[in-house]
There are 2 protein chains.
Amino acid sequence: MTLDDLSEHLARWLDGSGEESGLVVSSRIRLARNLRQIPFTSRASEEDRGRVVEAVKEATHACRGLSEAVFMEADKLSEMDRQLLVERHLISPALAGGEGRRGILVNRGETFSIMVNEEDHLRLQAILSGFQPRQAYALASGVDGDLAKALPYAYSSRWGHLTACPTNVGTGLRASVLIHLPGLVLIQDMEKVLRGITQMGFAVRGFYGEGTDVVGNLFQISNQITLGKREMQIVEELEKVTRQIITYEQNARQTLLKEARPQIEDKIWRAYGILENARVLTTQEFMNLSSAARLGHSLGVIPRPGVRALNELMVRTQPSHIQRSAGKVLEPVERDVLRADIVRKWLEEKRN
Amino acid sequence: MTLDDLSEHLARWLDGSGEESGLVVSSRIRLARNLRQIPFTSRASEEDRGRVVEAVKEATHACRGLSEAVFMEADKLSEMDRQLLVERHLISPALAGGEGRRGILVNRGETFSIMVNEEDHLRLQAILSGFQPRQAYALASGVDGDLAKALPYAYSSRWGHLTACPTNVGTGLRASVLIHLPGLVLIQDMEKVLRGITQMGFAVRGFYGEGTDVVGNLFQISNQITLGKREMQIVEELEKVTRQIITYEQNARQTLLKEARPQIEDKIWRAYGILENARVLTTQEFMNLSSAARLGHSLGVIPRPGVRALNELMVRTQPSHIQRSAGKVLEPVERDVLRADIVRKWLEEKRN
C-alpha cells in the first residue's frame with residue numbers, strides 16, 4: 001500500500017456506516033504509549049528515534065490485523081504528502097511539521113494507525129464510522145494488548161502509562177467523536193452546550209483536533225481526564241455525553257423546523273444548488289455548504305448527497321488531495337476551480 | 001379581456017423576439033397628447049376627467065388594431081390590481097397612486113396602450129420585444145394618426161403638441177429601450193457610460209421608469225429632448241446611442257471572460273443553482289439572480305433559462321402577480337416562499 005493507494009480509496013471510517021452516522025461522523029480512540037529507557041520524543045536523539053521506529057515496525061509485524069499495514073517515514077515524504085496524511089486524519093499537524101525520524105503505520109482501510117515519534121513514542125489510533133466508541137476502543141485495545149507483549153511500555157504500577165505530557169498520564173486514552181451540530185449552532189445554543197460539556201470534563205476541539213478550528217459545524221468532543229479512571233469507564237462516559245448532545249441537537253432541529261421551516265429548507269436547497277453548480281469553491285465554503293447538505297439529508301429534506309458521499313468529498317476536496325489528484329502544486333484559485341469540478345462531478349455521478 | 005386574462009398571459013413584448021433580445025429586453029415609444037379646451041389633468045375637474053375618458057373610449061373604437069382593446073378604470077380597481085398593471089409596465093406608479101377618473105386602454109398582447117388622465121390626458125405607449133424602436137414608433141404613430149382625426153389634440157403650429165410638463169412639449173415623444181448591462185456594471189464602467197449617455201441628451205432610469213431604482217442591471221435609456229426635432233429623428237438617435245451601448249457592453253463581457261472566466265462562470269452557475277433550488281426568494285434577489293442567468297444564457301454558459309422564460313418570470317414574480325395567483329393578500333415572507341416555488345416549477349418545466 002502506497003500513498004497513491006491511500007489517496008485513491010475511501011478510508012473505511014468515512015463510509016457512513018455505524019449508529020447515528022447522520023450526526024456522528026466518526027468515533028476515535030487514541031492511546032499514548034512510550035518505550036521504557038528511551039527519552040520522550042522531544043528529548044530523544046536521532047538514534048533514539050530510530051530505535052523507536054524500528055521497535056514499532058518489528059512489533060507490529062506480529063500484531064493481529066496489522067500484517068498488511070505499511071509504515072511511512074514522514075521525514076521522507078514531501079510537505080504535500082504529509083499534509084495529505086493530515087487531511088486523512090492519520091497524522092497530526094504536529095507530526096507533519098516535526099523533525100527527525102518519525103512516521104505513521106497504517107492498516108488497509110485506515111481504521112487503525114500508529115503515529116511514531118509524535119509527542120509520545122506511540123500514538124495508537126482506532127477510528128470508525130458513526131457512533132462506535134466502544135468498537136473503536138476494542139480495536140485499539142486489542143492491538144495495544146498485542147504490542148504490550150512485544151514492546152517494553154513505560155508503565156508505572158502507581159500512575160499507569162507514562163506520557164510526555166502529564167495530561168495523558170494513566171490510561172493515555174483519548175476517546176472522541178466527531179459530531180455535526182448545525183442545529184445547536186443555528187439556534188445559538190452551542191455556547192451553552194459547550195459550557196456544559198466542559199463542566200462534565202470533556203473538551204471540544206476543531207476538525208483536525210487540538211488547536212484547530214471548527215469548520216462545517218463539526219465538533220470533536222473528547223475526554224480531558226486520563227488518570228484515575230479505567231479505560232472502559234472513559235469510553236462509557238464519552239458515550240453518555242454524546243447521547244446527551246445528540247438529544248440536544250435533535251431538539252434544536254425540531255425547534256428549527258417548527259419555527260423556521262421555509263428558511264431551513266431554503267438554506268439546505270441553496271447549499272445543494274451551489275454544490276451542484278459552483279465553478280469556484282474554497283475549502284471553507286465547501287465545508288459550510290456540505291454542513292447544510294448533511295443537515296438536509298439527515299432531516300430528509302434532500303435525498304442526496306448521502307453521508308458517505310459528503311464524508312468522502314470532505315477529504316477529497318482538501319488542498320493536498322486536490323493537488324495530488326492534479327499531479328502538481330496549484331495556486332489557491334486553481335484549487336478552488338478544481339474543487340468545484342470534483343464536487344460537481346461527484347454529485348452528478350451519484351445522481352445518475 | 002379582463003385583468004385575469006392579462007395576468008395569466010405573457011405580454012407579447014416579453015416573448016424574447018426581436019433583434020438583440022439577449023441584451024435589449026424591450027423598446028418603447030410613448031407619446032404625450034392632450035385634448036384642446038380641457039384643463040391638464042392636474043387642474044381638471046372630475047367632470048373634465050370624465051370627458052377625456054369618454055372621448056378616448058369613443059375615438060379608439062375606430063382605430064386600427066384597437067377593436068379588441070379594453071379600457072380599465074383605474075379608480076375602480078383595487079390597490080393590488082393597480083399594482084399588477086404597474087408590474088406589467090402598463091400604467092405608471094403615478095397613475096396607480098393618483099385620484100379621480102383615470103385608466104388604461106390596452107390591446108391584446110399588451111403591445112399598445114393608452115394611459116388616460118395621467119400627467120397628460122393621453123399617454124400612448126407602444127412596446128415591443130428586443131431592439132425595435134423603429135417598429136414600436138410605427139405602431140404608436142399609426143394609432144396617433146388615427147386618433148388625431150377623431151380627437152381635438154392640443155397642438156400649436158409653433159410648439160407642436162402641448163403637454164402638462166414643458167419637458168414633453170413638441171413631439172411629446174419619449175423613445176426608450178430597457179437594456180441589460182451586467183458587463184458594464186461588473187467592470188465598474190457603468191458610471192462612465194452613464195455620463196456619456198447623459199451628455200448625448202439621453203436619460204437613464206430604473207426598471208419602472210422615472211424615479212424608480214435600477215434592479216437586476218436593467219437600465220431604461222430614453223431621450224430627454226422632445227422639442228425641435230422630428231419624431232423619427234429622436235427614434236434614430238436612440239437607435240444610435242443604443243447600438244453604441246451594446247458595443248460597450250459586449251466589450252465589457254469580453255474583458256470579463258478574458259480576465260475572470262472562472263469567476264464569471266461561477267457567478268452564473270451559482271445563480272442558476274439558487275434559482276433552481278431556493279425555497280425563499282425576494283423580488284430583489286430574484287432580479288439579481290436572473291440578471292446573472294440572463295448574462296449566462298447570452299454568453300452561452302448556461303443553456304437555459306432562455307430570454308423568454310426570464311422575461312416572463314420577471315413579471316410573474318412581482319408581488320401583485322404572486323398575490324393574484326394565490327388569490328389573496330400575502331405577507332412578504334409568504335410571497336417569498338411562493339416566488340421561489342413559481343421560479344422552481346417554471347425552470348423544471350422548461351427543463352423537461
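In what follows, the accompanying structure is described. (Residues numbered from 1 in each chain as written. Chains lettered and ligands numbered in written order. Predicted model: local features only at pLDDT ≥ 70, side-chain atom pairs only at ≥ 80, totals over all residues. Heavy atoms only, no water.)

**With respect to the interface of chain B and chain A**
The following threshold applies: Throughout, a contact is declared for two residues whenever any of their heavy atoms are within 4.5 Å. The buried area of a pairing is the accessible area, by a 1.4 Å probe, that goes missing from both parts when the two are put together, added over both. By salt bridge we mean one thing: a side-chain nitrogen of Lys or Arg within 4 Å of a carboxyl oxygen of Asp or Glu. Counted as a polar contact is a pair of N or O atoms within 3.5 Å, where, for protein atoms, one must be capable of donating a hydrogen and the other of accepting one, and residues adjacent in sequence contribute only when both atoms are in side chains. Helix and strand assignments come from DSSP, with helices taken as H or I runs of at least 4 residues and strands as E runs of at least 2, each series counted from the N terminus. Residue type decides the class: Asp, Glu, Lys and Arg count as charged, Ala, Val, Leu, Ile, Met, Phe, Trp, Tyr, Cys and Pro as nonpolar, and the leftover types, Gly among them, as polar.
With 18 residues of chain B at the contact, the number on the chain A side is 18 residues. Overall, the association of chain B and chain A removes approximately 1500 Å² of surface from exposure, summing both partners, and the carbon and sulfur fraction of that is 55%. Of all residues in chain B, R270, N277 and R279 of chain B bury the most surface against chain A, accounting for 38% of the area lost on that side. Across the contact surface, chain B and chain A share two salt bridges. Close ionic contact of E285 of chain B with R270 of chain A constitutes a salt bridge, the shortest N to O distance being 2.7 Å. The tally of links from chain B across to chain A stands at eight residue pairs in polar contact (both at pLDDT 80 or more). Here the element with the most residues in the side of chain B that touches chain A is helix α8 (residues 231-277) of chain B; it accounts for 10 residues. Partitioning the side of chain B that touches chain A into residue classes produces nine nonpolar, three polar and six charged.

**Section: the packing of helix α3 (residues 79-87) of chain B against helix α11 (residues 319-326) of chain B**
All names here are of chain B. Quick reminder of the rule: Here the axes come from fitting lines to C-alpha atoms, over the contacting stretch only for helices, and the angles between their N-to-C directions go from 0 to 180 degrees. Here roughly perpendicular refers to angles of 65 to 115 degrees, roughly parallel to angles under 35, roughly antiparallel to angles over 145, and oblique to all remaining angles. By the definition used in this description, the sense in which the near helix is turned from the far one sets the handedness, with an anticlockwise turn below a right angle giving left-handed and a clockwise turn giving right-handed.
It is at 8 Å that the axes of α3 and α11 come closest, and there the two elements cross at 125°. By the angle class used here, α3 and α11 are oblique. Here α3 and α11 pass one another in a crossing that is left-handed. Counted together, M80, D81, Q83, L84 and E87 of α3 and P319, S320, H321, Q323 and R324 of α11 form the full contact between these two elements. Across the contact of α3 with α11, the residue classes tally to three nonpolar, four polar and three charged.

**Considering the sheet that holds strand β4 (residues 112-116) of chain B**
Residues and elements named next belong to chain B. Defined as follows: In this description, strands pair whenever DSSP reports at least two bridges between them.
Pairing is antiparallel in the open sheet, where eight strands are placed in the order β2-β3-β4-β5-β1-β8-β10-β9. Edge positions in the open sheet fall to β2 (70-73) and β9 (202-205), since each of these has one partner strand only. Between one strand and the next, the sheet's axes are offset by a mean angle of 20°, whatever the strand orientation. With four bridges connecting them, β9 and strand β10 (residues 218-223) associate as antiparallel partners. If you follow R205 over to β10, its bridge partner there is Q220. Of the strands in this sheet, β9 and β10 are in contact with helix α7 (residues 190-199), which crosses β9 at around 140°.

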